[in-house]
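Letter by letter, the chains look like this.
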Amino acid sequence: MGHKAQGGQWKHVFIEHPWLPEGEVDLEYLRWLYTAFTRSSEQVYLIGFPDDFFLHPPQ
């Protein structure tokens, strides 16, 4: 869990997209996601994130 990892660091971090009521992204979720991302020193793996979660460059 991201919140328990604060201060720790690992080479590889796996982040599973949590269930969010109606896809609600709020400040608390963004803080959790930031903490999870910053625990990795080499690679982050995202699991189950929908494609529309990411920005895609224009074609």
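Our structure's up above, just so we're on the same page.
Below: a short report on this structure. What you see is a predicted model, and the numbers here were worked out from it, not measured in a lab.

Conventions we followed
Residues numbered from 1 in each chain as written. Predicted model: local features only at pLDDT ≥ 70, side-chain atom pairs only at ≥ 80, totals over all residues. Heavy atoms only, no water. Helix = DSSP H or I, 4+ residues; strand = E, 2+ residues; numbered from the N terminus. Buried < 20%, exposed > 50% of the residue type's maximum accessible area, 1.4 Å probe, protein only. Contact = heavy atoms within 4.5 Å. Patch = residues over 30% accessible without salt bridge, like charges linked within 9 Å, V, L, I, M, F, W, Y side chains within 5 Å. Areas by Shrake-Rupley, 256 points an atom, 1.4 Å probe, with all protein chains shown as cover. Salt bridge = Lys/Arg side-chain N within 4 Å of Asp/Glu carboxyl O. Lys, Arg positive; Asp, Glu negative; His and termini not counted. Charge placed at Lys NZ, Arg CZ, Asp CG, Glu CD. Core = buried A, V, L, I, M, F, W, Y, C linked by side-chain atoms within 4.5 Å.

**Brief notes about the overall build of the protein chain**
Working step 1: Looking only at helices and strands, the protein chain features 1 helix and 2 strands.
Working step 2: What you see in the protein chain, going N to C, is helices and strands ordered as β-α-β.
Working step 3: Within the span of the protein chain, comprising 59 residues, buried residues form 20% of the whole.
Working step 4: At a minimum sequence separation of 6, the contacts of the protein chain that also span at least 24 residues come to 72%.

**A few points about a negative patch on the surface**
Working step 1: Together, Glu 22, Glu 24, Asp 26 and Glu 28 give the surface a local cluster of negative charge.
Working step 2: As for its placement among the helices and strands, Glu 22 is situated in the loop between β1 (10–16) and α1 (27–37).

**Focus: a nonpolar patch on the surface**
Working step 1: Together, Val 25, Leu 27, Leu 30, Phe 37, Leu 46, Phe 53 and Phe 54 give the surface a local cluster of nonpolar side chains, amounting to about 580 Å² of exposed area.
Working step 2: Of all the elements, α1 adds the most residues to the nonpolar patch, at 3 residues.
Working step 3: Relative to the helices and strands, Phe 54 resides in the segment after β2 (40–47).

**Topic: the nonpolar core**
Working step 1: Within the largest apolar cluster, 7 residues are counted, these being Val 13, Ile 15, Leu 20, Tyr 29, Leu 33, Ala 36 and Phe 49.
Working step 2: Among the secondary structure elements, those contributing two or more residues to this core are β1 and α1.
Working step 3: Ignoring sequence-local partners within four residues, the contact set of Tyr 29 consists of His 17, Pro 18, Leu 20, Phe 49 and Phe 53.

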